[in-house]
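The lines below spell out each chain.
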Amino acid sequence: MNCSKYQFDAFIAGAWRLWAAITTLFALCCFTLYLNSGWEGFFLFSQTGPLSIREQTFACVAICWLTLGGAILSLLKSGLKPERCVAVLISALILFLYVNILRERIQYGDVDDYVRAAADLQSGTPFHARYLYPPLLATICQPLLHWGKPAFVGTFWFANIISLVAFFWLLKAALVRYGFERWLSLVVVFLFMVVNVPILRTLGYMQMNLHVTNLILLSILLFPRYRISSALSLALAAHLKASPLIIALPFFWAGGRKWILSFLVGMLAFAGVTVMFYGWAPFADFLNNAHNIYNANGINFRENSLDSFIRSTAIFWGADVTKAAIMLFKIPVLLLIFLTAMRNSTHSTFLKPREDDAFILNTVPALLVLMLLASPLVWEHHPLFVALPFLLMLKKLNNASAWVLYCFAYVLEFLIPTFDFYPWSFGRLVSPLILAYLMFKFRRSEDGDLFTDLQEYLKNCSCRRFVAPQAAADVSQKPG
């Protein structure tokens, strides 16, 4: 064991020296090239590959190389736990994977909506019909207008890369908070992220879902120790996308006056950023766009909301459906999911009641499903919002039929490529409904046998591997 540790330390030290030497040599060569030829020299010694953007290619290479150096440096830190070392390496591998995918992408659809909205706000004209976000996003994008669309693309591109890594660590920490053993949470999140259509679509369209999901997870993790930060995180999420307001419901019930006051102050403060420069008119524009959302978004079979399914079905029957008719079908479904959230809290489905924040943590998973299905538009990148409840259900499954339903729902939601074929492409609508059903069915506080056995096995392995030999022997001799 000591020999293996010595060899590992020597390997990491040697890797760091080699990385530092190559990086230094590269920096010196680039500096010399700049002194001799200026920026033109870099264009002389570089080429643009087919279907690529030179600046984006260089950015991808730089991110991967710096990530490699950062991972090696992290492993050099004395006292770093084995689980943390593996987590660092896995997060680096996930980053490598998606950066290499983005290296091959030269168009990012939804960023045009942000550019147009920022321009609308600056010119004092109403937001264009496709802008369905609160005004904060358009407000903070104002400085980028001076630099044009490339600045928008570059800023959102780098922000999503950072959020991708943050998502790995926050989702892993959230599972641990819900009782997952650390090694198990690491494996589960890695498998979840390594092949994931919503993540691909979010990065490929420069959507806001990673940022919003991270803020929701951060709000959960910070509560109850840091109530002000928890409230401000959720308030910011609600100003990037309105739907996270649903997640505030259990906090208003059990978060305490400090959290509620901080949340309300945060909501006003973030709104004030826009009001200070542009008044309240942008909020009226946002509400108007939300009210007329169907006019700006036609029928899309890949858009998997309850609204879209009802509208699409009505077209094939030759009927004309109104908003009132859609609500007639939609509200009972949402009420059932809300009742599921309450039952999960009553039965302490995901966390034992001895925890101070048990009510909130038991309620949030079903509310995340409610948040997804309540939206009038559910594109293929939105299921990132239900990542946590999907993974938490691994705790509860305890029979073959439940596992079949769960795996079927998971494949539909996260693995099947995007396609448009009514009604089969509405599998991503069926998936969260199955998840809600499983939450309703497995509402008991006891965990499933497979999860319990796996947790116990990993704990025993960790004990025997990382405690002193005599202590491990004492543990193994305990009765039972």
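Refer to the structure presented above.
Analysis parameters
Residues numbered from 1 in each chain as written. Predicted model: local features only at pLDDT ≥ 70, side-chain atom pairs only at ≥ 80, totals over all residues. Heavy atoms only, no water. Helix = DSSP H or I, 4+ residues; strand = E, 2+ residues; numbered from the N terminus. Rg over C-alpha atoms; globule rule 2.2 N^0.38 Å. Buried < 20%, exposed > 50% of the residue type's maximum accessible area, 1.4 Å probe, protein only. Contact = heavy atoms within 4.5 Å. Areas by Shrake-Rupley, 256 points an atom, 1.4 Å probe, with all protein chains shown as cover. Lys, Arg positive; Asp, Glu negative; His and termini not counted. Charge placed at Lys NZ, Arg CZ, Asp CG, Glu CD. Salt bridge = Lys/Arg side-chain N within 4 Å of Asp/Glu carboxyl O. Phe/Tyr/Trp six-rings, centres within 6.5 Å; stacked < 30°, edge-to-face > 60°. Lys NZ or Arg CZ within 6 Å of the ring centre and 35° of its normal. Core = buried A, V, L, I, M, F, W, Y, C linked by side-chain atoms within 4.5 Å. Patch = residues over 30% accessible without salt bridge, like charges linked within 9 Å, V, L, I, M, F, W, Y side chains within 5 Å. Axes fitted to C-alpha atoms, helices over the stretch in contact; angles between N-to-C directions. Parallel < 35°, antiparallel > 145°, perpendicular 65-115°, else oblique. Left-handed = near helix turned anticlockwise from the far one by under 90°. Nonpolar A, V, L, I, M, F, W, Y, C, P; charged D, E, K, R; others polar. Expected span 1.5 Å × (residues − 1). Bend = angle between axes of the 7 residues up to and from the residue.

1. Overview of the overall build of the protein chain
Thought 1: The helix and strand inventory of the protein chain stands at 24 helices and zero strands.
Thought 2: Here the protein chain has a C-alpha radius of gyration of 25 Å; the compact-globule value for 480 residues is 23 Å, and the two agree.
Thought 3: By its C-alpha atoms, the protein chain is 75 × 75 × 45 Å across when sized along the principal axes.
Thought 4: The buried share of the protein chain, reckoned over its 480 residues, is 47%.
Thought 5: At a minimum sequence separation of 6, the contacts of the protein chain that also span at least 24 residues come to 74%.
Thought 6: Entry remark: accessible area of the protein chain is about 24,000 Å², with carbon and sulfur atoms responsible for 69%.
Thought 7: Taking the average place of the 37 positive charges on the side chains of the protein chain and the average place of its 26 negative ones, the gap between the two points comes to 6 Å.

2. Some points on the pattern of salt bridges
Thought 1: Applying the stated rule across the entire model yields twelve salt bridges.
Thought 2: Close ionic contact of Arg177 with Asp357 constitutes a salt bridge, the shortest N to O distance being 2.7 Å. Here Asp357 lies in the loop between α18 (323-346) and α19 (358-374) and Arg177 lies in helix α8 (residues 149-177), a separation of 180 residues in the sequence.
Thought 3: Residue Arg177 is classed as partly exposed on the basis of its relative accessible area of 24%.
Thought 4: Assessed through its relative accessible area of 2%, Asp357 is described here as buried.

3. A look at helix α17 (residues 306-316)
Thought 1: The buried count for α17 comes to eight of eleven residues, which makes it a mostly enclosed element.
Thought 2: As for α17, its buried residues are in contact with α16 (293-296), α18, α19 and α22 (427-441).
Thought 3: Immediately downstream of α17, the backbone of Gly318 shows phi near 70°, a positive value.

4. Looking at the packing of aromatic side chains
Thought 1: Following the criterion strictly, the structure yields 33 aromatic pairs and no others.
Thought 2: Geometrically, the ring pair formed by Phe390 and Phe414 is edge-to-face, given 5.1 Å between the ring centres and 80° between the ring planes. Pair noted here: Phe390 is in helix α20 (residues 387-392) and Phe414 is in helix α21 (residues 400-415), with a separation of 24 residues, a long-range link.
Thought 3: Judged by relative accessible area, which is 1%, Phe390 ranks as buried.
Thought 4: Between the aromatic rings of Tyr422 and Phe426, the centroid separation amounts to 6.0 Å while the plane-to-plane angle is 80°, which identifies the pairing as edge-to-face.
Thought 5: Taken together, the ring pairs in this structure connect Phe167, Phe192, Phe390, Trp403, Tyr406, Tyr410 and Phe414 into an aromatic cluster.
Thought 6: Looking at Arg105, its charged tip hangs above the ring of Tyr108, at a distance of 5.9 Å from the centre.

5. Section: the nonpolar core
Side chains of a nonpolar character, in soluble globular proteins, are inclined to be buried together.
Thought 1: Counting residues in each nonpolar core, the largest one holds 114 residues, and the members touching the most others are Phe167 and Leu388.
Thought 2: Top contributing element to this core by residue count: α8, with twelve residues.
Thought 3: Apart from the residues within four sequence positions on either side, Leu388 is in contact with Leu171, Ala174, Leu175, Tyr178, Leu217, Ile220 and Leu368.
Thought 4: Counting six residues, the second-largest nonpolar core is a separate cluster that includes Ile293, Ile310, Ile326 and Leu377.

6. Some points on a positive patch on the surface
Thought 1: A surface patch of like charges, here positive, comprises Lys77, Lys81, Arg84 and Arg182.
Thought 2: Structurally, Lys81 is set in the loop between α3 (54-76) and α4 (82-102).
Thought 3: Exposure remark for Lys81: the relative accessible area of 60% places this residue in the exposed category.

7. Some details on the packing of helix α11 (residues 209-222) against helix α12 (residues 227-240)
Thought 1: The interhelical angle for the contact between α11 and α12, taken along N-to-C directions, is 160°, at an axis separation of 8 Å. When the interaxial angle is binned, α11 and α12 end up roughly antiparallel. Remark: the crossing between α11 and α12 carries left-handed chirality. Residues His211, Val212, Leu215, Ile216, Leu218, Ser219 and Leu222 of α11 touch α12, and the partners they reach there are Arg227, Ser229, Ser230, Ser233, Leu234, Leu236, Ala237 and Leu240.
Thought 2: Classifying every residue of the contact of α11 with α12 gives nine nonpolar, five polar and one charged.

8. A closer look at the side chain of Asn304
Thought 1: Summarising the element assignment, Asn304 is placed in the loop between α16 and α17.
Thought 2: The contacts of Asn304, once residues within four sequence positions are left out, are Val378, Ser425, Phe426, Arg428 and Leu429.

9. Observations regarding helix α14 (residues 256-278)
Thought 1: Along its 23 residues, α14 runs 33 Å from first to last C-alpha, staying within 8% of the 33 Å computed at 1.5 Å per residue.
Thought 2: At Gly272, α14 shows its maximal bend, which comes to roughly 35°.
Thought 3: Buried within α14 we find Trp259, Ser262, Phe263, Gly266, Met267, Ala271 and Thr274.
Thought 4: The elements touched by buried residues of α14 are α6 (136-140), α12, α13 (248-254) and α15 (281-291).
Thought 5: Looking one or two residues past α14, Gly279 carries a phi angle of roughly 75°, positive in sign.

10. A word on the environment of Ala284
Thought 1: Relative to the helices and strands, Ala284 is located in helix α15.
Thought 2: Residue classification places Ala284 among the partly exposed residues on the basis of a relative accessible area of 45%.
Thought 3: In sequence terms Ala284 and Phe127 are 157 residues apart; their C-alpha atoms lie 9.6 Å from each other.

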